[in-house]
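Each chain, written out:
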Amino acid sequence: VFTQADISWREVMYLQLGIRRDESSTFGVDTKPFYSPKIGLSYVISDEDYFNNMMGFLPEGALTQLRLRGAFGVSGRQPTSGARSTYSPSSNQVSATDVAIGVRPNDNGNPLLRAEKSQELELGFDAGFWNDRLGMEVTYFHKKGIDQIMEIPVPGSQGSEGPRMNVGSILNKGFEATVDARVLTMDN
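To start, this report covers the structure provided alongside it.

Below, the discussion takes up the pattern of salt bridges. Here the structure, examined in full by the defined rule, presents 5 salt bridges. Among the ionic pairs, Arg 20 bridges to Asp 22, the shortest N-O distance being 3.0 Å. Measuring nitrogen to oxygen at the nearest pair gives 2.8 Å for the salt bridge that ties Arg 114 to Asp 147. Of this pair, Arg 114 sits in the loop between strand E6 (99-105) and strand E7 (116-129) while Asp 147 sits in strand E8 (residues 134-151), placing them 33 residues apart in sequence.

What follows is the structure, encoded as structure tokens:
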């Protein structure tokens, strides 16, 4: 289930709120849902008179647009179906004419397995220069994943794959920058 709301104030400030609720039968009947909220805010500061007055020293059209933005969100990923199960229901051929229903060992499932989750923060700006002939986007991101799911190796002689476990966290952070230009513009 996902719900989102977008709010605008004077068409210079924009707020986006959302929440997602996930629940999976992968975790069995005792599973609890987890929630993934998000919030984003952007501010087109170049549309404000006070900002244009402060930037009056620049040649006209030098800074066409400046948008400041930030966002924070939480997301998750469910394990694959059966990742918690320690057996597989199956039918087994007992003789040429008889079939028996039962279970057999399969993957070494992990009944304690939890969903992966990550939290991400983004801060940045978008700018247009020289009547939008040159554009720039700069973003700082900081994403931390927790409860990451990995398959634990087991000896091949065991006859099955290893269990999946929540083994740790991953940190991904850095900057992204994009520049685009309209080098030549002609009437036709």
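Glancing now at the nonpolar core. With 6 residues, the main nonpolar core is built from Val 12, Tyr 43, Ile 45, Phe 51, Leu 66 and Ala 127. With residues near it in sequence (within four places) discarded, Phe 51 still touches Ile 45, Ser 46, Leu 63 and Leu 66.

This part is about the sheet that holds E8. Spatially, 7 strands are ordered E1-E2-E3-E4-E7-E8-E9 in an open sheet, and the strand pairing comes out antiparallel. Of all the strands in the sheet, the pair left with one neighbour each is strand E1 (2-9) and strand E9 (164-181). In this sheet, neighbouring strand axes are inclined to one another by 5° on average, regardless of whether the strands run parallel or antiparallel. Taken together, the 14 bridges between strand E4 (residues 63-77) and E7 define a ladder with antiparallel strand orientation. Bridged to Ser 75 within E7 is Ser 118.

As for its placement among the helices and strands, Val 167 is situated in strand E9. Along the backbone, Val 167 and Met 150 are 17 residues apart, and their C-alpha atoms lie at a distance of 6.7 Å.

Reading guide: rules and limits
- Residues numbered from 1 in each chain as written.
- Predicted model: local features only at pLDDT ≥ 70, side-chain atom pairs only at ≥ 80, totals over all residues.
- Heavy atoms only, no water.
- Salt bridge = Lys/Arg side-chain N within 4 Å of Asp/Glu carboxyl O.
- Helix = DSSP H or I, 4+ residues; strand = E, 2+ residues; numbered from the N terminus.
- Core = buried A, V, L, I, M, F, W, Y, C linked by side-chain atoms within 4.5 Å.
- Buried < 20%, exposed > 50% of the residue type's maximum accessible area, 1.4 Å probe, protein only.
- Contact = heavy atoms within 4.5 Å.
- Pairing = 2+ DSSP bridges.
- Axes fitted to C-alpha atoms, helices over the stretch in contact; angles between N-to-C directions.

Nothing here speaks to function; it is all geometry.
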